[in-house]
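Given next are the chains, with one letter for each unit.
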Amino acid sequence: MRLTRYFLPVLKETPAEAQIVSHRYMLRAGMIKQASAGIYSWLPLGFKVLRKIENIVHEEQQRAGHIPMLMPTLQTADLWRESGRYDDYGEEMLRITDRHGHDMLYGPTNEELITDIFRSYVGSYKALPLTLYHIQWKFRDERRPRFGVMRGREFLMKDGYNFDLTKEAALHAYNRHLVSYLRSYERMGLQAIPMRADGGPIGGDYTHEFLVLAETGESEVFYDSEVTDLTFGDRQIDYDDVAQCQGVLEEFTSRYARTDETHDEALFNEIPEDRRRTARGIEVGQIFYFGTKYSEVMDATVINDKQEQVPVHMGSHGIGVSRLLGAIIEASHDDKGIIWPEGVTPFHCGIINLRQGDEAADAACEGLYTALTNAGLEPLYDDRDERAGGKFATMDLIGLPWRITVGPRGLKNGVVELTCRKTGESVELSPEDAVARVVGIYSAL
Ligand code: 5CA
């Protein structure tokens, strides 16, 4: 993409309404624009990152054997009356009446709708195990929407639902989700720690939240510092291997790590004092096993191998897709702007032309642009007729991990400059070597 042809409405001023750094940078970098309280338009740069995050979630869910689909945002109240949650959900639910007087609602989550789909088509245990998921907008009429996409009213969530014959099988589905979430967050450059949590309006007392440690996080968390040493890495997982998935769950959840809702001071004090940590965290996902809570009241049953009609065991599993943009920025930025992890960056590499209009500089930039594009990468070429300072400031603000700077002086010696956004380190290389270096970095991901 050439910047002169793109839509990147960068703000010079720091917006007064933004209290935390991720919100400030998302507004300044022209990623989002508030449409009304807690509701945002996703401008091209923000939309690009949102799609990258969605793609990682899709890939990892499908790797775990979970099946993508799409349910609507608007739901009929009737299903929620069946489960008993229509009244329970309270003021967070946006209720709508259509022209025929039918009560509708903008879905805050989808347990009822998916259970209705399941019961309409599945009658035998032979169709199990089954996990369906979608990535769809949700609405929760939060009393205090704040921090931009972090606590929105409309937000994008991946929600998945498992249907299993037995509790054991459903717990394996739970573990599969835990494993796939660990992989997903690491691919986004994040460490998200699973912590024992509370079921809230979804229900069930077997649940973990995934928290990214950040001072601006809304949750208070208590943990054994050893949990922060754990990394998932590139281990190979067979998602059908019950023992292997259980092993990962045990490895990542056996040490003390809880949110304030389930914190137990006595247990916490059993950790050696130098490892006890109290911090704040951003909840980027939550997994639940709730057994037959919905299947019993909504009559989602199957016939088992003894010809008995039994309610299925279910769980639901969410990732805060739009919130993740905020969480990633909170975890990765400096005073100049965002520092995107390579896995989610909107463009792979920036190209800065220090002397637009200089024949050699223009030609070299075009050459880099073509070479990177031909290698399957997306460069962002700042081809504006602007001063170098302004170009650097924009590039630093939008946070592309790599930048190639091209100027007439370097070109005389046959070199351009490759700079890492995170470390600030630069090396002088021939244009060919700079391209090879960047291509190598991304192909290793
Ligand atoms: N049905 C279950 C799981 S599928 C569910 O709704 N879980 S949840 O309530 O925990 O939401 C899943 C994730 O959505 C949360 O972990 C959080 O990351 C994100 N989320 C929840 N509320 C908001 C909000 N107001 N703004 C942005 N993200 C949110």
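This text follows the structure it describes.
Since the model is a prediction, treat every value here as computed from it, not as a measurement.

Here is what the cut-offs are and how they apply
- Residues numbered from 1 in each chain as written.
- Predicted model: local features only at pLDDT ≥ 70, side-chain atom pairs only at ≥ 80, totals over all residues.
- Heavy atoms only, no water.
- Salt bridge = Lys/Arg side-chain N within 4 Å of Asp/Glu carboxyl O.
- Helix = DSSP H or I, 4+ residues; strand = E, 2+ residues; numbered from the N terminus.
- Buried < 20%, exposed > 50% of the residue type's maximum accessible area, 1.4 Å probe, protein only.
- Polar contact = N/O pair within 3.5 Å; in protein donor to acceptor, adjacent residues only side chain to side chain.
- Pairing = 2+ DSSP bridges.
- Axes fitted to C-alpha atoms, helices over the stretch in contact; angles between N-to-C directions.
- Near = heavy atom within 4 Å.
- Areas by Shrake-Rupley, 256 points an atom, 1.4 Å probe, with all protein chains shown as cover.
- Patch = residues over 30% accessible without salt bridge, like charges linked within 9 Å, V, L, I, M, F, W, Y side chains within 5 Å.
- Lys, Arg positive; Asp, Glu negative; His and termini not counted.
- Charge placed at Lys NZ, Arg CZ, Asp CG, Glu CD.
- Core = buried A, V, L, I, M, F, W, Y, C linked by side-chain atoms within 4.5 Å.
- Phe/Tyr/Trp six-rings, centres within 6.5 Å; stacked < 30°, edge-to-face > 60°.
- Contact = heavy atoms within 4.5 Å.

*Asks:* Any chance you could explain the pattern of salt bridges here in plain terms?
*Replies:* Pairing of side chains with opposite charge becomes possible as their charged atoms draw close. All chains considered together, the criterion is met by 27 salt bridges. With its nearest N and O atoms 2.8 Å apart, the salt bridge here joins D141 to R153. Of this pair, D141 sits in the loop between β7 (130-139) and β8 (154-164) while R153 sits in the loop between β7 and β8, and the two are 12 residues apart along the sequence. Residue classification places D141 among the partly exposed residues on the basis of a relative accessible area of 26%.

*Asks:* What is the right way to read the environment of H23 from this model?
*Replies:* By secondary structure assignment, the location of H23 is in helix α1 (residues 21-28). By relative accessible area, H23 is classed as buried at 5%. H23 sits 123 residues away from R146 along the chain, and the two C-alpha atoms are 9.1 Å apart. Polar side-chain contacts of H23 include one of 3.4 Å to the backbone nitrogen of G148.

*Asks:* It is not clear to me how the sheet that holds strand β6 (residues 103-106) should be interpreted in this structure. Could you clarify?
*Replies:* Hydrogen bonds along the backbone pair up the strands of a sheet, which may run parallel or antiparallel. The strand order across the open sheet formed by 3 strands is β4-β6-β5, and the pairing between neighbours is antiparallel. The two strands at the open ends of the sheet, each matched to only one other strand, are β4 (74-76) and β5 (94-97). Across this sheet, the average inter-strand angle for adjacent strands is 35 degrees, counted without regard to direction. One ladder, built from 3 bridges, connects β4 with β6; its direction is antiparallel. Along β6, the bridge assignment pairs L74 with Y106.

*Asks:* Just checking my understanding: could you explain the site of the ligand for this structure?
*Replies:* Near the ligand you find 22 residues, and of these T109, E111, R140, G152 and E283 are the closest. A distance of 2.8 Å separates a nitrogen atom of the ligand from a polar side-chain atom of E142. Between the ligand and S316, the relevant distance is 3.5 Å, taken from a nitrogen atom to a side-chain nitrogen or oxygen of the residue. Protein coverage of the free-state accessible area of the ligand, which is 600 Å², stands at 96%. Every element with two or more residues in the shell around the ligand is listed here: β8, β13 (276-291) and β16 (313-320).

*Asks:* Quick question: what am I supposed to make of a negative patch on the surface here?
*Replies:* Together, D198, E220, D260 and E261 give the surface a local cluster of negative charge. Along the chain, E261 turns up in the loop between β12 (257-259) and α8 (265-268).

*Asks:* I'm lost on the nonpolar core in this one. Help?
*Replies:* In this structure, M31, I53, Y185, M188, F210 and V284 are the most contacted members of the largest nonpolar core, which totals 69 residues. Sorting elements by how many residues they give to this core places helix α6 (residues 167-187) first, with 7 residues.

*Asks:* For this particular structure, what's the right way to read the pairing of β13?
*Replies:* Every regular strand shows the same layout, with side chains that alternate between the two sheet faces. Relative to β13, strand β10 (residues 206-213) runs antiparallel, the two sharing 8 bridges. Counterpart to F210 in the pairing with β13 is G285. Relative to β13, strand β11 (residues 219-224) runs antiparallel, the two being bridged by 6 bridges. Of the residues in β13, the one forming a bridge with V221 is A279. Note that β13 and β16 share 6 bridges and pair antiparallel.

*Asks:* Help me understand unusual backbone geometry, please; the structure alone is not making it clear to me.
*Replies:* A negative phi holds for most residues other than glycine; trans holds for most peptide bonds. Between L128 and the following residue, P129, the backbone shows a cis peptide bond with an omega angle of 0 degrees. Tracing the backbone through its elements, the reader meets P129 in the loop between α5 (111-121) and β7. The residue F147 is not glycine, and still its phi comes out positive at about 60 degrees. Mapped onto the elements of the fold, F147 is located in the loop between β7 and β8. With a relative accessible area of 11%, F147 lands in the buried category. You will see that Q307, though not glycine, has its phi angle at about 65 degrees, which is positive.

*Asks:* How do you make sense of the environment of E250 when you look at a structure like this?
*Replies:* Examined against the element boundaries, E250 turns out to sit in helix α7 (residues 242-253). Overall, the relative accessible area of 43% leaves E250 in the partly exposed class. E250 sits 75 residues away from N175 along the chain, and the two C-alpha atoms are 9.5 Å apart. Separated by 2.7 Å, the side chains of E250 and Q246 make a polar contact.

*Asks:* Just to check I follow, could you spell out the packing of aromatic side chains for this structure?
*Replies:* Centre-to-centre distance and the angle between the planes together describe a pair of aromatic rings. Taken as a whole and judged by the stated rule, the model has 14 aromatic pairs. With centroids separated by 5.5 Å and ring planes inclined at 50 degrees, the aromatic side chains of Y106 and F139 adopt a geometry described as tilted. Here Y106 is found in strand β6, whereas its partner F139 is found in strand β7, with 33 residues between them in sequence. Accessibility expressed as a relative area gives 13% for Y106, which makes it buried. Between the aromatic rings of Y256 and F268, the centroid separation amounts to 5.4 Å while the plane-to-plane angle is 50 degrees, which identifies the pairing as tilted.

*Asks:* I keep staring at the side chain of R140 and nothing clicks. Help me out?
*Replies:* Within the secondary structure layout, R140 lies in the loop between β7 and β8. One buried charge, R140, has no salt-bridge partner; the nearest side chain with opposite charge is E92, at 4.8 Å. A distance of 2.9 Å separates a polar side-chain atom of R140 from the backbone oxygen of P108. Once residues within four sequence positions are removed from consideration, R140 is found in contact with Y89, E92, P108, T109, G152, R153, F155 and M157.

By themselves these figures say nothing about function.
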